[in-house]
Amino acid sequence: MISESVNFIFLSELLNLPVIDAATSRKVGSIVDLAATTGQVFPKVLGLIVKVRSSKDPVYIPWNCVRPTSLRKNILIDYSPESIQAHANTNDGEILLRKSFLDKQLISTTGHKVVRVNDLQLLLESPTKGNPYLWLVHVDIGIKGLLRRLGFVGFFNIFSRFLLDRDLREKFISWKNVQPTSTASVTGSLQLKLDPSKLSEIHPADLADIVEDLGLEERAALLESLDAATAASALQEIPLRIRVQIAETLETTKLAALINETQLDEAVDLLDELSPEIRSAIHQLLSPEKTAELKELSKLSVYGVGSIMNTDFMTAKTTQTVRDVIEMVREESEKTELLHYIYIVDTEMKLKGVVTLRQLLMLDPDAIMADIMWENLVTATIETNVKRVAKIFFKYNFVALPVVDDDGVMQGIITMRDALETVFPEMKEEAHS
Amino acid sequence: MKLVETIKTNPAFRNLLIFFSIVGPGIITGSVDNDAGGITTYSVAGAKYGYTLLWTLIPSFIALLTVQEMNARMGIVTGKGLADLIRENFGVKITFYIFIFLLVADIGNTATEFAGVAGSMNVLGISKYLSVPLAAIAVWILVVKGNYKLSEKVFLIFSVFLFSYVVSALLAKPDWGVIGTAIITPKIHMDRDYIAMVLGLVGTTVAPWMQFYMQSSVIEKGIKIGDYKFTLWDVVLGCIATVVVAFFIIVSCAATLHANGIQIEEAKDAASALGPLAGVLASQLFAFGLFVASVFSATILPLATAFYVCEAFGFEAGIDKKFSDAPQFYSLFTLIILIGVVIILIPNAPLITITIWSQVLNAILLPVVLICMMVIINKKEIMEQYTNNRFQNAVGWITSLILILLSLFLLFTGSGLG
């Protein structure tokens, strides 16, 4: 005989089990939920929520009253009136497992998607002496869990054995690899706090898919838990109409932080769609320089290149040496989106030529820009039609195109991605779905 | 450039622009409502009772509007589909039985839609062995290979075609004085057939699967609560479109078939019978309308069904997803169409029985879904400040209650109308 037994039990098997007073063998009530603490990696059950005949609201029975049994047919407790508590007296840190998770959505942090909880698997640890422990270890998201809850699992297992020569497979995710979207505490309050550390490993594109699959409140909670940079890059991957909807549910300060981290052209697209009140609130929260930039791009908007232009580009003077410029690239690389081209301008910011990063790395460090730069430039102006720009990209195989005004002064750049996105907006949505 | 600026700054124009970007879910749902089954019911009602049943369109309109508005509001506020909400609030068992019934009912309904395709094309002289498979393939390609935006545009154009019934009715030269009197002073008979017909008319207007479809398409559009008023207009327009089309179908059958004492069993009978009475054009337009409505619903119905079944049970779904990402969704969609087509192509398939049984299932489901909706929409923790107010609750519960009574009656008298 082993001294300590460990076995698994499903939440759905525990629910509605009778709770029996061990001393009198009388039925106290039946179990409707479990209260657990989330302090550790796996939630540990600390109490039973039991429906009793004498009161309308279910009561809280601490886990340490539970006798060590297998919990299969009933739950034996050491009953004393003092051990029973009303909900309001209990610890707010404890959450309700059934109310929080069963049938609800969770984020699978390894599968990178939203899953629906069919059942929860608990681990029952029964030491030879003292009280047993019950931990929440697995989330059941499989068909088998669904059938078990419906009471059909035996029936389908026969089919499965007959047709596939095996039992139905379980599909579990470890609790370590899920992130709840909301939790209901024992006292009844609903919390929407997410742990950003579990989500930080997920690629922004996957995060975007997750965000799209969630309800509005959960979306806002998820984005608010992420740091602004991650949230911004996830948001960028979401189709604009949904992005606008989400943006309007976020706190203004959070939204401002997010927009601050978003690429300028994308930020302008978003701001242009928001209501004027939110837009001006955002403008006030951002730095005056940023606001000026955003407004400048926005004013230019509609149909011309201006609407997709990016003012985030690198310039060097005609007189600078390769060494100077490489040093500058090193410093700017952190904040600049596109490093391929360095645009060479004169003292009045008029565009004179371009050098590529590859040239810089290959040429003599003492050469000056005026001597090595390409002078035959293809440029666009703010009024140039976006379709024309797209054609230029196809023809010349550039990664970015400079935009100049009528005097040849450098205004910004258009990246191939931005042009492509404008010409084929539906492609962007397809790529993200 | 100047013009664009003017449009963007003028508030009236701006509102119109927003409206057109939001319009869709309500009108599409309203139009799908007039599917092959609906057209059959309206035609039979018009042929049998003339104008005397036109008054039922008013309560139908109110019921439809109430239910659709609630779905739109729930979708906008929660961002969750009705299937999601039912699963989260009522647990897996109720959800499972609702969806098993819905699935069976919708397969039956889909078969009815393909029967509409077969019937209408038959009137235009094309064999069902050609028209039904072709229509099914077209539907499948539109959904699987197309995307949401394209599908929605195609659907909206479909909705416009449904107005061919207006022309068809005008060609029948109805007596407008009599129609006006019939609506203002309804003559209610108390015989069993008449009441069953009333039930059929109201019941065909509010079908359970539409509620799921409406809510999901509002979410898919990403509509914000600030734009709720535009969505409300979309819903109102959709309901008006439903009722107007129904009105003209009844009128065209009443003015011709009823006036000449011709009884019919199916919508295609109406189309054929119209020929000698109102001209070939009227007949062909009627058949064309039936065809459009059938194809339209044969697209939306399997799609909506596959969508909410997957939603409820946690499979990935959506027509913007690839097959490999949402295999259950696409398999289910394909299967529903396939079964529908096969049923129609079997010689001597018991079509009328299938129609009646899917209507009976709908009648059982409708009260269940409505009660779920009423409970959910009154939960503060879900709807926040957007729960029903007293007026909305009164209208909602009265509508639910009447629909429940109607459904129960339909169920126990067994007089499911095609």
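Keep in mind the model is a prediction, meaning the values are calculated, not measured. (Residues numbered from 1 in each chain as written. Chains lettered and ligands numbered in written order. Predicted model: local features only at pLDDT ≥ 70, side-chain atom pairs only at ≥ 80, totals over all residues.)

**Looking at the overall build of chain B**
On a plain count of helices and strands, chain B comes out with 19 helices and zero strands. Computed over its C-alpha atoms, the radius of gyration of chain B comes to 21 Å, within 12% of the 22 Å expected for a compact globule of 418 residues. Overall, the C-alpha framework of chain B stretches about 55 × 55 × 45 Å when taken along its three principal axes. Contacts in chain B between residues far apart in sequence, at least 24 positions, make up 84% of those at least 6 positions apart. (Helix = DSSP H or I, 4+ residues; strand = E, 2+ residues; numbered from the N terminus. Rg over C-alpha atoms; globule rule 2.2 N^0.38 Å. Contact = placed C-beta atoms within 7 Å.)

**Observations concerning the overall build of chain A**
For chain A, the helix and strand inventory stands at 19 helices and 20 strands. The buried share of chain A, taken over its 433 residues, is 37%. Considering only contacts in chain A between residues 6 or more positions apart, those separated by 24 or more positions represent 63%. (Buried ≥ 20, exposed ≤ 12 C-beta atoms within 10 Å, placed from the backbone.)

**Considering the pairing of strand 20 (residues 410-415) of chain A**
All names here are of chain A. The element strand 20 is extensively covered by neighbouring structure, given that six of its six residues are classed as buried. Bridge analysis of strand 19 (residues 400-404) against strand 20 gives five bridges, and the strand direction is antiparallel. Bridge pairing in strand 20 places A400 opposite T415. Counting the residues that bridge the hairpin from strand 19 to strand 20 gives five residues, and of these G408 lies at a positive phi of roughly 80°. (Pairing = 2+ DSSP bridges.)

**Brief notes about unusual backbone geometry**
Notably, S25 of chain A is not glycine yet its phi reads approximately 60°, a positive angle. Assignment of secondary structure puts S25 of chain A in the loop between strand 2 (18-21) and strand 3 (26-37).

**Side note on the sheet that holds strand 8 (residues 105-108) of chain A**
Residues and elements named next belong to chain A. Strand order across the open sheet formed by three strands is 9-8-13, with antiparallel pairing between neighbours. Edge positions in the open sheet fall to strand 9 (113-116) and strand 13 (178-180), since each of these has one partner strand only. Across the sheet, the mean angle from the axis of one strand to that of its neighbour is 40°, orientation sign disregarded. Two elements, strand 8 and strand 13, share three bridges in a ladder whose sense is antiparallel. Residue I107 lies in a different strand from strand 13, and its bridge partner there is Q179. (Axes fitted to C-alpha atoms, helices over the stretch in contact; angles between N-to-C directions.)

**Points about the pairing of strand 18 (residues 351-356) of chain A**
Residue and element names in this part refer to chain A. Where strand 17 (residues 341-345) lies against strand 18, five bridges are found, and the strand directions are antiparallel. From the neighbouring strand, Y341 faces strand 18, where its bridge partner is T356. In this antiparallel pair of consecutive strands, strand 17 and strand 18, the connection spans five residues, and M349 shows a positive phi of 70°.

**Observations regarding the packing of helix 7 (residues 128-145) of chain B against helix 16 (residues 327-345) of chain B**
Residues and elements named next belong to chain B. Following both chains from N to C, one finds helix 7 and helix 16 inclined at 170°, their axes separated by 10 Å at the closest point. The orientation of helix 7 with respect to helix 16, classified from their angle, is roughly antiparallel. Mapping the contact onto sequence places K128, Y129, V132, P133, A136, V139, W140, V143 and V144 in helix 7 and Y330, F333, T334, I337, V341, I344 and L345 in helix 16. Counted by class, the contact of helix 7 with helix 16 contains 14 nonpolar, one polar and one charged residues. (Parallel < 35°, antiparallel > 145°, perpendicular 65-115°, else oblique. Nonpolar A, V, L, I, M, F, W, Y, C, P; charged D, E, K, R; others polar.)

**As for the domain arrangement of chain A**
By the assigned domains, chain A splits into domain 1 (10-101), domain 2 (105-191), domain 3 (196-299) and domain 4 (315-425). Between the C-alpha centres of domain 1 of chain A and domain 4 of chain A the distance comes to 68 Å. (Domains from an automatic or database assignment.)

**Regarding the sheet that holds strand 16 (residues 315-317) of chain A**
All names here are of chain A. Strand order in the open sheet formed by three strands is 16-17-18, with mixed pairing between adjacent strands. The strands lining the two open edges of the sheet, one partner per strand, are strand 16 and strand 18. Strand-to-strand twist of the sheet, defined as the mean angle between neighbouring strand axes without regard to direction, takes the value 35°.

**Quick word on the confidence of the model for chain B**
Any region with low pLDDT has predicted coordinates that should not be read closely. Residue and element names in this part refer to chain B. For chain B, mean pLDDT is 81; residues scoring 70 or higher make up 91% of the total. Per-element mean pLDDT across chain B ranges from 51 in helix 1 (residues 2-9) up to 90 in helix 16. Taken over the whole predicted complex, pTM reads 0.73, whereas the ipTM for its chain interfaces reads 0.72. (pLDDT = per-residue confidence, 0-100.)

**Comments concerning helix 11 (residues 264-273) of chain A**
Burial within helix 11 of chain A is extensive, with seven of its 10 residues counted as buried. Regarding helix 11 of chain A, the residues found buried are D265, E266, A267, V268, D269, L270 and L271 of chain A.

**Looking at the nonpolar core**
Grouped together as the largest cluster of nonpolar side chains are 130 residues, with contacts concentrated most on I250 and A306 of chain B. Top contributing element to this core by residue count: helix 15 (residues 280-313) of chain B, with 22 residues. Other than its neighbours up to four places away in sequence, I250 of chain B contacts Y42, A45, G46, L53 and L54 of chain B. Counting 103 residues, the second largest nonpolar core, distinct from the first, contains L122, V244, L255 and M410 of chain A. (Core = buried A, V, L, I, M, F, W, Y, C linked by C-beta atoms within 7 Å.)

**Here we look at the environment of A36 of chain B**
All names here are of chain B. Secondary-structure assignment places A36 in helix 4 (residues 36-49). For A36 and V123, which are 87 residues apart along the polypeptide, the C-alpha to C-alpha distance reads 15 Å. In contact with A36, not counting residues within four places along its chain, are T112, E113, A115, G116, A267, L290, A293, S294 and S297.

**Describing helix 3 (residues 143-150) of chain A**
Residues and elements named next belong to chain A. Where burial is concerned, most of helix 3 is hidden: six out of the eight residues are buried. Those residues of helix 3 lying buried are I143, K144, G145, L146, R148 and R149. Note on helix 3: the residue one or two positions beyond its end, G151, has a positive phi of about 85°.

**Some words on the packing of helix 9 (residues 240-249) of chain A against helix 11 of chain A**
Residues and elements named next belong to chain A. Contact geometry for helix 9 and helix 11: axes closest at 10 Å, N-to-C directions at 70°. On the basis of their axis angle, the class for helix 9 and helix 11 is roughly perpendicular. Once helix 9 is placed against helix 11, the crossing between them reads as right-handed. Residue-level inspection shows L240, R243, V244 and A247 of helix 9 in contact with helix 11, the latter providing D269, L270 and E273. (Left-handed = near helix turned anticlockwise from the far one by under 90°.)

**Some details on the environment of M362 of chain A**
Along the chain, M362 of chain A falls in helix 15 (residues 357-362). Owing to 10 C-beta atoms within 10 Å, M362 of chain A belongs among the exposed residues under this scheme.

**Thoughts on the environment of I337 of chain B**
Residue and element names in this part refer to chain B. Tracing the backbone shows I337 in helix 16. Each C-alpha atom, one on I337 and one on L303, is 9.3 Å from the other, the two residues being 34 residues apart in sequence. Discounting chain neighbours no more than four positions away, the residues touching I337 are T110, A136, V139, W140 and P302.

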